[in-house]
Amino acid sequence: MIKTEKLYKKYGTLEALKSLDVVIKSNKLTYIVGPNGSGKTTFIKSILGLVKPTSGNLFVDGTKLNGIYQYRKNIGYMPQIASFPENLCVKEVLNLLKEIRSETVKYDEELIHLLSLEREYDKRIKNLSGGTKQKLNAAIAFLFDPQLLILDEPSAGLDPVSSSILKDKILRDKKAGKTILFTSHIMSELEELAEEIIFLLEGSVCFSGEKDELISMTGEKNLERAIANLMIGIKS
Amino acid sequence: MNALKFIIKYQIHDTLRSKWLIIYSLFFAAISYGLLSFTNDSGKVILSLLNINMIIIPLASLVFGTIYLYNNRDYIILILSQPINRKTLYLGLYLGLAFPMALSFLFGTGLPILLYIKNFKEAGAVLFNLFLGGIFETFIFVSISFLIATLNENKMKGLGLSIFLWMFFSALYDGLILITLQFFREYPLEIPSLVFTLLNPVDLSRLLVILKFDISALMGYTGAVFTQFFGSGLGFALSILSLLLWSILPLLIGLKNFSKKDF
């Protein structure tokens, strides 16, 4: 479970997160939605400790984050863009991560097989296509069988086949009891996967709750319209 | 500590395979071999190598170091999302770049010298100090370049600052000292000029070699005062100490910035 208390982040004069109070429940698929610049990435990065909050508290499974790093052994992160040392080959990148996370002994290499990354094992990173790098990125997020998965726009840059493989994997892992947090701009994906929704707007929580709750609240017939309704409603 | 070992190992793999590092070694090899073919006088060769090293190593270390951190930003984010301490990663990146660069200087310059080793029978100590100075330069300027990159988000600004710093230490600095000394020529200037030398890592590594040469005329004003004041034993110890400080301090400040930074 992730809990924030008055989480506040300021970059210079820009307020990226304004006193955020959210709870992300365990064993749920939570979707963070919001227009560009609403603080989605800043929020995700605060959970990972990549961004240090100006004030407020953040708890991951009851542990308060203040410069500690051990909690990340339970997290798998798939960033929007990933890059690896370009002269290493795929196999070496995987080995590097395995050695860093040496306490994990059970690997989940399902995605490596399904996305046929074994074929690329001996290729240097600089010779990989953008899509293949993204596949590797996805495989790495799942590799250590983490309890919490954080996926930042997982489908961006993937072909439809890989994207659906990834989607199935997300659903399977969710069934296995994992907490999944993701952002995406593809509405059909969200319709299909999301259970909980957190709607961020200009650094504040605008809606947080179940998907059906949002639909019934706005009186629209599907999620896409409900979210559009929410966005328009705020503008006017 | 295990994680540090792995980061260094893979960074070294990565750096050693990159094209620019090969070019860097070949450059040193060409210069060294060229100079050795011109003359049999080991003193002349060492002094020319010294002058070239003191220009090239700081420039390459500063530029490569800053670019390296900027270009690896997404990779840094990926590693930082693993259970790893930020300090470990920073040190890993630093050693993973500085080691291969120092090695590449060492082999590039050293191999041609090995071919002509009979010319260097009496110059062992000077040669040793030449290499020691070059290695220090690499570690110092890579640590400064990392500091610059952690202080500036903007790539162009960071790179500009690196190049300025290189110009400052390898060219402007001596000029400024001369102007200052000229301006205050009525006063005793030994102590201030010693302090000036300690404040410039390029001058310090030059001193390492020149102290062994015993030809004060070649080392400029500050160098001459330095030998006179300390003699070569104490002078050597003092310059090593300052060089160590120069390698460690920027690294520590950079480490502190890196630990607080947002990615």
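For every chain, the first residue of the written sequence is number 1, and numbering continues from 1 along that sequence. Chains and ligands are labelled by the order in which they are written, letters from A for the one and numbers from 1 for the other. With the structure being a predicted model, the display of local features is reserved for residues of pLDDT at least 70 and the display and counting of side-chain atom pairs for 80 or more, all residues being used for whole-chain, interface and lining totals.

**Student:** When you look at the overall build of chain B in this model, what are you seeing that I'm missing?
**Tutor:** A count of helices and strands for chain B gives 10 helices and zero strands. Compactness check: chain B gives a C-alpha radius of gyration of 19 Å against a globular reference of 18 Å for 263 residues, within 12% of the reference. In terms of overall dimensions, chain B has a C-alpha envelope of 55 × 50 × 30 Å along the principal axes. Residues with at least 20 neighbouring C-beta atoms inside 10 Å of their own are called buried, those with 12 or fewer are called exposed, and the rest are partly exposed, where every C-beta is derived from the backbone. Counting across all 263 residues of chain B, residues that qualify as buried make up 43%. Of the contacts formed within chain B by residues at least 6 apart in sequence, a portion of 81% connects residues at least 24 apart. Numbered from the N terminus, helices here are DSSP runs of H or I no shorter than four residues, and strands are runs of E no shorter than two. Here the globule rule is a power law, 2.2 Å times the number of residues to the power 0.38, and the radius of gyration is based on C-alpha atoms. We call two residues in contact when the distance between their C-beta atoms, placed using the backbone, is within 7 Å.

**Student:** Explain helix H7 (residues 155-183) of chain B to me, please; I cannot follow it from the model alone.
**Tutor:** Within an α-helix, residues lying three or four positions from one another point in the same direction, as the helix has 3.6 residues per turn. One axis is fitted to the seven residues ending at the residue and one to the seven starting there. The bend at that residue is the angle between these axes. The principal kink in H7 of chain B, of about 55°, is found at leucine 172 of chain B. Those residues of H7 of chain B lying buried are Gly158, Ser162, Trp166, Phe169 and Ile177 of chain B.

**Student:** Which parts of the structure should I look at to understand unusual backbone geometry?
**Tutor:** Note: most residues except glycine have negative phi, and most peptide bonds are trans. All names here are of chain A. Even without glycine at this site, aspartate 145 takes up a positive phi of about 50°. In this structure, aspartate 145 sits in the loop between helix H4 (130-143) and strand S8 (148-152). Among the residues examined, aspartate 145 registers 17 C-beta atoms within 10 Å and is labelled partly exposed. One non-glycine residue, glutamate 202, lies in positive phi territory at about 45°. Inspection of the secondary structure assignment puts glutamate 202 in the loop between strand S10 (196-201) and strand S11 (204-210).

**Student:** Any chance you could explain the pairing of strand S1 (residues 2-11) of chain A here in plain terms?
**Tutor:** Looking along a regular strand, one sees the side chains alternate between the two faces of the sheet. Residue and element names in this part refer to chain A. By the convention used here, strands pair only if DSSP detects at least 2 bridges between them. Two strands pair when backbone bridges link them, and S1 and strand S3 (residues 23-24) are joined in this way by two bridges, in the antiparallel orientation. Paired with isoleucine 2 across the strands is isoleucine 24, a residue of S3. With five bridges joining them, S1 and strand S5 (residues 55-60) adopt antiparallel strand pairing. Bridge pairing in S5 links glutamate 5 to asparagine 57. Across four bridges, S1 lies against strand S2 (residues 14-20) in antiparallel orientation. Bridged to lysine 9 within S2 is leucine 17.

**Student:** What exactly am I supposed to notice about the interface of chain B and chain A here?
**Tutor:** Size of an interface, as often reported, equals the accessible area lost when the parts are brought together. Counting from both sides, the interface comprises 22 residues of chain B and, opposite them, 26 residues of chain A. Sorting the residues of the side of chain B that touches chain A by element identifies helix H1 (2-16) and helix H4 (73-80) of chain B as the ones contributing at least two each. Note on residue categories: nonpolar means Ala, Val, Leu, Ile, Met, Phe, Trp, Tyr, Cys or Pro, charged means Asp, Glu, Lys or Arg, and polar means any other residue, Gly included. Residues that form the side of chain B that touches chain A fall into these classes: 10 nonpolar, seven polar and five charged.

**Student:** How should the packing of helix H3 (residues 42-71) of chain B against H7 of chain B be read in this particular structure?
**Tutor:** Angle between the axes and distance between the axes are the two parameters that describe a pair of packed helices. Residue and element names in this part refer to chain B. Note on method: axes are straight lines fitted to C-alpha atoms, helices fitted across the in-contact stretch only, with angles between N-to-C directions ranging 0 to 180 degrees. Two numbers describe how H3 lies on H7: the axes approach to 10 Å, and their chain directions differ by 165°. Comparing the axis directions of H3 and H7 gives the class roughly antiparallel. Read as a crossing pair, H3 and H7 show a hand that is right-handed. Across the interface between the two elements, Met54, Ile55, Pro58, Leu59, Leu62, Val63, Thr66, Ile67 and Tyr70 from H3 touch Lys155, Gly158, Leu159, Ser162, Leu165, Trp166, Phe169 and Ser170 from H7. Residues belonging to the contact of H3 with H7 are distributed by class as follows: 12 nonpolar, four polar and one charged. Angular relationships are summarised with four words: roughly parallel below 35 degrees, roughly antiparallel beyond 145, roughly perpendicular across 65 to 115, and oblique for the angles in between. Handedness of a helix crossing follows the sense of rotation of the near helix relative to the far helix, less than a right angle counterclockwise being left-handed and clockwise being right-handed.

**Student:** In this structure, what is going on with the sheet that holds strand S7 (residues 75-78) of chain A? I would like to understand it.
**Tutor:** Each strand in a sheet pairs with another by means of backbone hydrogen bonds, the pair being arranged parallel or else antiparallel. Residues and elements named next belong to chain A. Pairing is mixed across the open sheet formed by six strands, whose spatial order is S7-S8-S9-S4-S10-S11. In this open sheet, the two edge strands, each paired with only one partner strand, are S7 and S11. Here the strands of the sheet are splayed against their neighbours by 15° on average, with no regard to which way each runs. Judged from the six bridges that link them, S10 and S11 form a sheet pairing that is antiparallel. Across the sheet, leucine 201 pairs through a bridge with serine 204, a residue of S11. Strand contacts of helix H7 (residues 211-218): S10 and S11, with the helix running at about 110° to S11, the strand carrying the most contacts.

**Student:** Looking at this structure, I do not really get the nonpolar core. What am I missing?
**Tutor:** In a soluble, globular protein the nonpolar side chains are often hidden away together inside. Core analysis: the largest hydrophobic core is formed by 128 residues, its most contacted members being Ala139 and Ile150 of chain A together with Ile46 of chain B. When residues of this core are assigned to their parent elements, the largest contribution, 14 residues, is made by helix H6 (residues 124-151) of chain B. Once residues lying within four places of it in the same chain are set aside, the contact partners of isoleucine 46 of chain B are Ala123, Val126, Leu127, Leu130 and Val209 of chain B. Here a nonpolar core is just a set of buried residues of the types Ala, Val, Leu, Ile, Met, Phe, Trp, Tyr and Cys, joined wherever their C-beta atoms sit within 7 Å.

**Student:** For this particular structure, what's the right way to read the environment of isoleucine 248 of chain B?
**Tutor:** Residue and element names in this part refer to chain B. Tracing the backbone shows isoleucine 248 in helix H10 (residues 220-260). Using a count of 13 C-beta atoms within 10 Å as the deciding quantity, one classes isoleucine 248 as partly exposed. As a C-alpha pair, isoleucine 248 and phenylalanine 139 span 109 residues in sequence and 9.0 Å in three-dimensional space.

**Student:** Is there a simple way to explain the packing of helix H2 (residues 19-38) of chain B against H3 of chain B in this structure?
**Tutor:** Residue and element names in this part refer to chain B. Contact pair H2 / H3: the axes reach a minimum separation of 10 Å and the direction vectors enclose 165°. Of the possible angle classes, the one that applies to H2 and H3 is roughly antiparallel. As H2 runs across H3, the sense of the crossing is right-handed. In this structure, H2 contributes Tyr24, Ile31, Ser32, Leu35 and Leu36 to the contact, and H3 contributes Val45, Ser48, Leu49, Ile52 and Ala60.

**Student:** How should helix H2 (residues 90-100) of chain A be read in this particular structure?
**Tutor:** Residues of H2 of chain A that are buried: Val90, Glu92, Val93, Leu94, Leu96 and Ile100 of chain A. Residues of H2 of chain A that are buried sit in contact with H4 of chain A together with H1 of chain B.

**Student:** For this particular structure, what's the right way to read the environment of tyrosine 69 of chain A?
**Tutor:** Residue placement: tyrosine 69 of chain A occurs in the loop between strand S6 (63-64) and S7. Beyond its immediate stretch of four places on either side in the chain, tyrosine 69 of chain A contacts Gly49 of chain A together with Pro83, Ile84 and Asn85 of chain B.

**Student:** Where do I start with the environment of isoleucine 140 of chain B in this structure?
**Tutor:** All names here are of chain B. Examined against the element boundaries, isoleucine 140 turns out to sit in helix H6. According to the C-beta neighbour criterion, isoleucine 140 is buried, with 29 such atoms within 10 Å. Between the C-alpha atom of isoleucine 140 and that of leucine 251, which follows or precedes it by 111 residues, the distance is 8.4 Å.

**Student:** Help me understand the confidence of the model for chain B in this model?
**Tutor:** The predicted coordinates of low-pLDDT regions are not to be read in fine detail. The quantity known as pLDDT measures the predictor's confidence residue by residue, on a range of 0 to 100. Summing up the model confidence of chain B, the mean pLDDT is 87 and the portion of residues at 70 or higher is 93%. The ipTM, which scores confidence in the relative placement of chains, is 0.84 for this predicted complex, and the corresponding pTM is 0.88.

**Student:** What am I meant to see in the pairing of S7 of chain A here?
**Tutor:** All names here are of chain A. What you see with S7 is no split at all: Ile75 and Tyr77 on one side and Gly76 and Met78 on the other are buried throughout. Relative to S8, S7 runs parallel, the two sharing four bridges. Bridging from a neighbouring strand, tyrosine 77 pairs with isoleucine 150 of S8.

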